[in-house]
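Overview (structure and organization)
The lines below spell out each chain.
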Amino acid sequence: MLSPATPNRGSGTITLAALGGTPAQTRIEVSITGAPPNTAVGWAVFGGPCGSPAPIVANQGQFPAISVSSSGDGRARVDISLSLDPKASYHANVYSTDRVNDMNDVIMCAVVSPE
């Protein structure tokens, strides 16, 4: 579950599913509400828990911006070349802009684990 990052507000869901293959593929589906209306927001998956300075798990370009509707809702689904360690800790951030680089722009965060 994506939860609001204080003081920003918003919520949503994110799922990661291993698809197998060589190289390994992972399907990531993100659904958000309460984002800035009529914008495109960035998002990505990182190592470690929410708020940690851990690195992004894949190239930033592999996480397409989420188009947000006038009601603040948006979704993205992507299959990327990625193999995640099921014993490791990961988190996903959603940003208030299409850039994935400023912790001050995080509007949602969720601890995630591969299925």
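Nothing here was measured: the structure is a model prediction, and the numbers come from that model.

On to the state of the cysteines. Note on terminology: a disulfide is the covalent bond linking the sulfur atoms of two cysteines. In total, this model carries 1 disulfide according to the counting rule given. Through a disulfide, cysteine 50 is tied to cysteine 109; the S-S separation comes to 2.0 Å. Judged by the sign of its S-S torsion, about -105 degrees, the bond between cysteine 50 and cysteine 109 is left-handed. You can see cysteine 50 sitting in the loop between strand E5 (43-47) and strand E6 (66-67) and its partner cysteine 109 sitting in strand E9 (residues 106-112), a full 59 residues away along the chain. A relative accessible area of 35% means that cysteine 50 is categorised as partly exposed. Exposure remark for cysteine 109: the relative accessible area of 11% places this residue in the buried category.

Our focus in this paragraph is the sheet that holds strand E7 (residues 74-81). Taken in spatial order, the 3 strands of this open sheet run E2-E3-E7, and their pairing is antiparallel. Strand pairing shows two members of the sheet lacking a second neighbour, strand E2 (11-20) and E7, which therefore form its edges. Looking at each pair of strands side by side, their axes are set apart by 10 degrees on average, direction ignored. Here strand E3 (residues 25-33) pairs with E7 via 8 bridges, running antiparallel. Of the residues in E7, the one forming a bridge with glutamine 25 is serine 81.

Inspection of every chain in the model, using the stated rule, returns 1 salt bridge. Note that aspartate 79 is salt-bridged to arginine 27, the shortest N-O span being 2.7 Å. Remark: arginine 27 occurs in strand E3 and aspartate 79 occurs in strand E7; sequence separation between them is 52 residues. The exposure class assigned to arginine 27 is partly exposed, which follows from its relative accessible area of 24%.

Here the focus is the side chain of asparagine 93. Mapped onto the secondary structure, asparagine 93 falls in strand E8 (residues 90-95). With relative accessibility at 2%, the residue asparagine 93 sits in the buried group. A polar contact of 3.2 Å, which involves the side chain of asparagine 93, links it to the side chain of tyrosine 95. Beyond its immediate sequence surroundings of up to four residues, asparagine 93 is in contact with Gly42, Trp43, Ala44, Phe46, Met103, Val106, Met108 and Cys109.

Turning our eyes to something else, we now look at the pairing of E3. Examined bridge by bridge, E2 and E3 share 9 bridges and lie antiparallel to one another. Residue threonine 13 lies in a different strand from E3, and its bridge partner there is serine 31. Turn length for the E2-E3 hairpin, with the two strands adjacent in sequence and antiparallel, is 4 residues, and the turn residue glycine 21 shows positive phi of about 90 degrees.

The topology assignment puts serine 52 in the loop between E5 and E6. What makes serine 52 buried here is its relative accessible area of 17%. Of note is the side chain of serine 52, whose polar atom sits 3.3 Å from the backbone oxygen of glycine 47. Non-local contacts of serine 52, meaning those with residues more than four positions away in its chain, are made with Gly47 and His91.

About the thresholds
Residues numbered from 1 in each chain as written. Predicted model: local features only at pLDDT ≥ 70, side-chain atom pairs only at ≥ 80, totals over all residues. Heavy atoms only, no water. Disulfide = S-S within 2.5 Å. Helix = DSSP H or I, 4+ residues; strand = E, 2+ residues; numbered from the N terminus. Buried < 20%, exposed > 50% of the residue type's maximum accessible area, 1.4 Å probe, protein only. Pairing = 2+ DSSP bridges. Axes fitted to C-alpha atoms, helices over the stretch in contact; angles between N-to-C directions. Salt bridge = Lys/Arg side-chain N within 4 Å of Asp/Glu carboxyl O. Polar contact = N/O pair within 3.5 Å; in protein donor to acceptor, adjacent residues only side chain to side chain. Contact = heavy atoms within 4.5 Å.

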